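Structural features, examined
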Amino acid sequence: MKEKKADIDRRDFIKMGAVGAAALAAGSTVLPVGSKNQRAWANPKNCNAKLIDRLLEVMENDLVPLTQKEVSKGNKVFGAAILKKSDLSIVVAATNNETENPLWHGEIHAIKQFWEIHREQRPEPKDCIFFATHEPCPLCLSAITWGGFDNFYYLFSHEDSRDSFNIGHDLKILKEVFKHDPGGYARENYYWKSYSLRRLIDECKDKTEESFRLRVNRLQKTYAELSKIYQQNKDDTDIPLK
Ligand SMILES: [Zn+2]
């Protein structure tokens, strides 16, 4: 039994995860709903190695160079990329540009650029994977929702942003404006499901897990250096929430 890409809807994607949906889009066999193998495939304990590898690669090769450039102009370290579920190719990669407009967070900047693509060339948001280097702030959680995406993945958590990057606004806004404690928003809801890359890596075993962890450690060091540059220069910018 085969199923075409167009038949894969948001619910299927949420059930199976991106790799499952990508495999489906590539024409893999689809098992009847509720069959044992399909449940195993949907099981988060399965390691999504192909997707994890690709998202780390996008961060290493695409987002880090863009972020280096923007941090040197006074912008924050947050970046985002939108990829096609079908082949994991990049549609848009963007980083924070708050020196131009404090609303241009990495995610918002990516969504803005995505919707500026001519409709003939632009994929449907539901056919895309949304990746954020850092767990999206309340503004970006809403933007991902309004932008029509049914998922997002991230590497660094809200707690990392506060503790390792000295940017505590995400958690403070959640608490002050929405009365939510850390982790208090719905990580899976009617609109989307969110995935922590670290938690996905936890599901991998042995050498695969080890190699992913090494890459995450390297990225952590790179981002710590970028963060240091931002923190040193932030007082020279007009960004309201630094
Ligand atoms: Zn944001």
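Residues numbered from 1 in each chain as written. Predicted model: local features only at pLDDT ≥ 70, side-chain atom pairs only at ≥ 80, totals over all residues.

Bringing the overall build of the chain into the picture now. Within the chain, the secondary structure is distributed over nine helices and five strands. Its helices and strands in sequence order give the chain the pattern α-α-α-β-β-α-β-α-β-α-α-β-α-α, from N to C terminus. Residues classed as buried in the chain amount to 37% of the 242 residues present. Taking all contacts inside the chain whose residues are at least 6 apart in sequence as the whole, residues at least 24 apart take part in 63%. (Helix = DSSP H or I, 4+ residues; strand = E, 2+ residues; numbered from the N terminus. Buried ≥ 20, exposed ≤ 12 C-beta atoms within 10 Å, placed from the backbone. Contact = placed C-beta atoms within 7 Å.)

Here we take up the sheet that holds strand β1 (residues 79-84). Pairing is mixed in the open sheet, where five strands are placed in the order β2-β1-β3-β4-β5. At either end of the open sheet lies a strand with only one pairing partner, and these are β2 (90-95) and β5 (193-196). Taking the axes of each pair of neighbouring strands and ignoring which way they run, one obtains an average angle of 15 degrees across the sheet. Each of β1, β2, β3 (128-134) and β4 (151-156) touches helix α3 (residues 49-71); the most contacted strand, β2, lies at about 40 degrees to it. Of the strands in this sheet, β1, β2 and β3 are in contact with helix α4 (residues 106-116), which crosses β2 at around 140 degrees. (Pairing = 2+ DSSP bridges. Axes fitted to C-alpha atoms, helices over the stretch in contact; angles between N-to-C directions.)

On to helix α7 (residues 169-178). Helical periodicity: at 3.6 residues per turn, an α-helix aligns residues three or four positions apart in one direction. Of all the residues in α7, the buried ones are D170, L171 and L174. Looking straight down α7, one finds its buried side chains confined to an arc of 100 degrees; they lie on one side. Pointing more than 90 degrees away from the buried face of α7 are the exposed residues E176 and V177. The inward-facing, buried residues of α7 contact α5 (138-146) and α6 (158-163). (Arc of directions from axis to C-beta.)

So, on to the nonpolar core. As a rule of thumb, soluble globular proteins bury nonpolar side chains together. Core analysis: the biggest nonpolar cluster contains 42 residues, and L55, A81, F130 and F131 have the highest contact counts within it. Elements with a minimum of two residues in this core: α3, β1, β2, α4, β3, α5, β4 and α8 (197-202). Considering every element that reaches this core, the biggest residue donor is α3, with eight residues. Those residues in contact with L55 that sit more than four places away from it in its chain are F131, Y153 and L197. (Core = buried A, V, L, I, M, F, W, Y, C linked by C-beta atoms within 7 Å.)

This brings us to the environment of K193. Following the sequence through the fold, K193 ends up in strand β5. Among the residues examined, K193 registers 18 C-beta atoms within 10 Å and is labelled partly exposed. The sequence separation of K193 and Y153 amounts to 40 residues, and the corresponding C-alpha distance is 8.8 Å.

The pLDDT averaged across the chain works out to 85; a share of 81% of its residues lies at or above 70. Contacts from residues 1-16, a stretch scored under 50 in pLDDT, to residues over four places away or in other chains number 25 contacts. Under a pLDDT of 50 for its full length, residues 18-44 has, in the predicted model, 41 contacts with residues more than four places off or in other chains. (pLDDT = per-residue confidence, 0-100.)

The next thing to look at is helix α9 (residues 206-233). The end-to-end C-alpha separation of α9 is 41 Å, in line with the 40 Å expected for 28 residues at 1.5 Å each. Within α9, the full set of buried residues consists of F212, Y223, L226 and Y230. As for α9, its buried residues are in contact with α3 and α8. (Expected span 1.5 Å × (residues − 1).)

Here we come to the pairing of β3. The buried fraction of β3 is high, at seven of seven residues. By the bridge criterion, five bridges tie β1 to β3 in an arrangement that is antiparallel. Across the sheet, residue L83 finds its bridge partner in β3, namely I129. Since β3 and β4 lie parallel, the crossover through α5 that links them has a hand, and here it is right-handed. (Right-handed = clockwise from strand over helix to strand, strands pointing away.)

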